[in-house]
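Chain residues, written in single-letter form:
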Amino acid sequence: MQDELALSPPEWVKDAVFYAIFPDRFRNGDPGNDPPGTRPWGAPPDRESTFGGDLWGIIQALDYLQDLGVTALYLTPIFTAPSNHKYDVVDYYNVDPHFGGNEALAELVGELHRRGMRLILDGVFNHCGEAHPFFWDVLRRGRSSPYWDWFTIRGDRVVQEPYPNYTCWAGVRSLPEWNHANPAVREYLLSVASYWIREYGIDGWRLDAVEHMPPDFVREIRVAVKGANPEAYVLGEVMGYAAAWFKHGALDGAMNYRLWEALVYFIARDSWDAPQFVAHLKGLWGSYPQGNAFASYNLTGSHDKPRIMTLCGGDRRKVALVVATIFALPGAPAVYYGDEIGLQGGEDPDCRRCFPWDHSRWDTELRGLFRMLIRLRREEPALRHGDLRFGEARGRVFSLVREGPDARILFFLNAGEEEARFPLSRPALDLLKGEPLLGTLRLPPESFAFLKEG
Ligand SMILES: [Ca+2]
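If you're wondering where the values come from, they're calculated on a predicted model, not measured in any experiment.

Reading the values: rules and limits
- Residues numbered from 1 in each chain as written.
- Predicted model: local features only at pLDDT ≥ 70, side-chain atom pairs only at ≥ 80, totals over all residues.
- Helix = DSSP H or I, 4+ residues; strand = E, 2+ residues; numbered from the N terminus.
- Rg over C-alpha atoms; globule rule 2.2 N^0.38 Å.
- Buried ≥ 20, exposed ≤ 12 C-beta atoms within 10 Å, placed from the backbone.
- Contact = placed C-beta atoms within 7 Å.
- Core = buried A, V, L, I, M, F, W, Y, C linked by C-beta atoms within 7 Å.
- Domains from an automatic or database assignment.
- Pairing = 2+ DSSP bridges.
- Axes fitted to C-alpha atoms, helices over the stretch in contact; angles between N-to-C directions.
- Parallel < 35°, antiparallel > 145°, perpendicular 65-115°, else oblique.
- Nonpolar A, V, L, I, M, F, W, Y, C, P; charged D, E, K, R; others polar.
- Expected span 1.5 Å × (residues − 1).
- Left-handed = near helix turned anticlockwise from the far one by under 90°.

Student: Please explain the overall build of the protein as it appears in this structure.
Tutor: Of the regular secondary structure elements, the protein holds 16 helices and 18 strands. Taken over C-alpha atoms, the radius of gyration comes to 23 Å for the protein, in line with the 22 Å a tight globule of 454 residues would show. With the C-alpha coordinates of the protein rotated into their principal frame, the extents come out at 80 × 50 × 45 Å. Here the protein holds 454 residues, and 47% of them are scored as buried. A fraction of 67% describes how many contacts in the protein between residues 6 or more apart in sequence connect residues 24 or more apart.

Student: Where do I start with the environment of W272 in this structure?
Tutor: Within the fold, W272 resides in the loop between α10 (257–268) and α11 (274–287). With near-sequence residues (within four places) excluded, W272 lies in contact with Y265, F266 and F277.

Student: Would you mind showing me how to read the nonpolar core here?
Tutor: Among the nonpolar cores identified, the biggest contains 137 residues, and F18 and L235 are the most heavily contacted of them. Summarising the domain contributions, this core has at least three residues from each of domain 1 (12–384) and domain 2 (389–453). Ignoring sequence-local partners within four residues, the contact set of F18 consists of V70, A72, Y74, Y297, A332, A334 and V335.

Student: What is the right way to look at the pairing of strand β18 (residues 447–453) in this model?
Tutor: Taken residue by residue, a regular strand's side chains alternate between the two faces of the sheet. Two elements, strand β13 (residues 408–414) and β18, share seven bridges in a ladder whose sense is antiparallel. Bridge pairing links R408 to E453 in β18. In this structure, strand β15 (residues 428–430) lies alongside β18, joined through two bridges in antiparallel fashion. Each residue of the ladder has a partner; that of D430, found in β18, is L451.

Student: Please explain the sheet that holds β13 as it appears in this structure.
Tutor: Strand pairs in the sheet, formed through backbone hydrogen bonds, run parallel or antiparallel to each other. As summarised here, the arrangement of the six strands in space is β11-β12-β13-β18-β15-β16, forming an open sheet in which the pairing is antiparallel. Only two strands of the sheet have a single partner each, and these edge strands are β11 (387–394) and β16 (435–437). Across the sheet, the mean angle separating the axes of adjacent strands is 25° when strand polarity is ignored. As judged from the six bridges shared by β11 and strand β12 (residues 397–403), these two strands associate in the antiparallel manner. Paired with D387 across the two strands is E403, which belongs to β12. Its contacts with the sheet put α11 on β11 and β12, and the angle it makes with β11 is roughly 160°. Packed on one face of the sheet, helix α14 (residues 316–328) meets β12, β13 and β18 and runs near 160° to β13.

Student: Which parts of the structure should I look at to understand the packing of α10 against α11?
Tutor: Following both chains from N to C, one finds α10 and α11 inclined at 175°, their axes separated by 10 Å at the closest point. Here α10 is positioned roughly antiparallel relative to α11, judged by the angle of their axes. In this structure, α10 uses R258, L259, A262 and F266 to contact α11, whose residues at the interface are A274, F277, H280, L281 and L284. Here the contact of α10 with α11 is composed, by residue class, of seven nonpolar, one polar and one charged.

Student: Sorry, what's going on with α14 here?
Tutor: Because an α-helix packs 3.6 residues into every turn, residues spaced three or four apart end up facing the same way. The terminal C-alpha atoms of α14, which comprises 13 residues, lie 18 Å apart, in line with the 18 Å expected from a rise of 1.5 Å per residue. For α14, a buried count of eleven out of 13 residues is recorded, marking the element as mostly surrounded by other parts of the structure. Along α14, the positions that sit buried rather than exposed are K318, V319, A320, L321, V322, V323, A324, T325, I326, F327 and A328.

Student: Is there a simple way to explain the sheet that holds strand β8 (residues 253–254) in this structure?
Tutor: As summarised here, the arrangement of the eight strands in space is β8-β7-β6-β5-β2-β1-β10-β9, forming an open sheet in which the pairing is parallel. The open sheet is flanked by β8 and β9 (297–299), the only strands paired with a single partner.

Student: Can you walk me through the domain arrangement of the protein in this structure?
Tutor: Accessible area lost during the coming together of the parts is what is often quoted as the interface size. When the domains of the protein are assigned, the result is domain 1 (12–384) and domain 2 (389–453). Each of domain 1 and domain 2 has a C-alpha centre, and these two points are 33 Å apart. Each side of the interface is counted separately: domain 1 has 20 residues, and domain 2 has 22 residues. Mapped onto the side of domain 1 that touches domain 2, the elements with two or more residues apiece are α10, α11, α14, α15 (364–379) and α16 (381–385). If one sorts the elements of the side of domain 1 that touches domain 2 by residue count, α14 sits on top with six residues.

Student: Whenever I open this one, the packing of α10 against α14 confuses me. Can you help?
Tutor: Helix-helix packing is characterised by the crossing angle of the two axes and by the distance between the axes. At their nearest, the axes of α10 and α14 sit 10 Å apart, and the two run at 145° to each other. Where α10 crosses over α14, the handedness of that crossing is right-handed. Taken together, the residues of α14 that come into contact with α10 (itself represented by L263, I267 and A268) are K318, L321, V322 and T325. Here the residues of the contact of α10 with α14 sort into five nonpolar, one polar and one charged.

Student: I'm lost on unusual backbone geometry in this one. Help?
Tutor: Where the residue is not glycine, phi is negative for most of them; where a peptide bond is considered, it is trans in most cases. A cis amide bond links E161 with the next residue in sequence, P162, at an omega value of -5°. For P162, the location among the structural elements is in the loop between α6 (133–141) and α7 (183–200). Geometrically, the link from D348 to P349 is a cis peptide bond, its omega value of 10° lying close to zero. Note on placement: P349 falls in the loop between β10 (332–336) and α15. The backbone phi angle of K86 is positive, close to 65°, even though this residue is not glycine. Inspection of the secondary structure puts K86 in the loop between β3 (79–80) and β4 (91–95). On the neighbour-count criterion, K86 (25 C-beta atoms within 10 Å) is buried. In this structure, A170 takes a positive phi of about 50° despite not being glycine. Relative to the helices and strands, A170 resides in the loop between α6 and α7.

Student: Looking at this structure, how should I read the environment of A106?
Tutor: Within the secondary structure layout, A106 lies in helix α5 (residues 101–114). Expressed as a C-alpha distance, the spacing of A106 and G201, which sit 95 residues apart in the sequence, is 8.5 Å.

Student: Explain the environment of R396 here, please?
Tutor: Locating R396 in the fold gives a position in the loop between β11 and β12. Separated by 126 residues in sequence, R396 and D270 place their C-alpha atoms 8.8 Å apart. Each residue touching R396, except ones within four places of it in the same chain, is listed here: D273, A274, N414, A415 and G416.

In structure tokens:
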């Protein structure tokens, strides 16, 4: 068993800014590999539609991403699977040919590493697709299949209609769950997890549906991944509180949906006031070990939630408040592709629209804000490494402090409709305006400020 030091979250995550990509919808770099029935880029997506996006397209977009300032990519699943989202894996050892195959992944990892950027992939180890050859064998041969015990089936043969008689993700019959009580299943999945780290140099995994898997198995994944590369990142898709996962040593960090929801309640929906919001943040940060909190993945959105611009009713100033708060907090900010240009979209599948490469459709002012916040975080180590202290919270206004060894950064946010005033105890520099400030900070409605005490 690895010691605790080897299992500590990788340092690089604190400094990272992630960009999350749904590969079918980001960029089509090779129309030659498009699946049959590919729809015109930008048409409204439905559950079945494919748009031809691929890893070659991501490689073509690396200049764009580097200009934005992101340092790491997270891709939703890329291994061979029939659907557009590829959570129904049939071959864990081959990148889907429609995404460019293993060749494109090797090229992408090489290009990213040359630029000092990193890549994490989506590990779907809770379930596979019904077309996976092992499940297919069970469907065909029943109990005489050597893979019968790789799944959890009630009865002597597989029944799919009208209801599946086997354990499957959220009751979806096309996604049979692996039987993690079977050591052979664990060994198979652990081999996959370490293979892509060792052989292709990916920098970690985002583990899908961790809350559906046995915690001791998730911890085994983490140990196997660290065995292949101690610096690799193991991030969990945790929808609830992640504290138990951290206590168990099963994850480095969690997708911070609890923060995202709080931002939606406070800023997008106006249904919480600032004291409620800050009390919620205190609960989160008080219950997570500091190392894990700093290795959390603070998302602007995801392929499973309506777009932040849509939740904010198209109000760019509200989106700016959400994003600024994410950049003020510990943990890696994670931009869901297109959020930086104001892409809209409701519930899945609408939140998975094609990225518009026609610049005339971009909210360039919003993109400028993302670039500025990413640069600020790069230039100010206290925003990445500094301790978090909560300041005041009243009405729709709050403040917090990031306390680094060399500087204190103060963050003030006013989500209200009137000017807010904050008395300052010391002279400070307004980092976004580049102006010195003394006495009182006057914050207009729906705005924020980062101040630095030297
Ligand atoms: Ca393509």
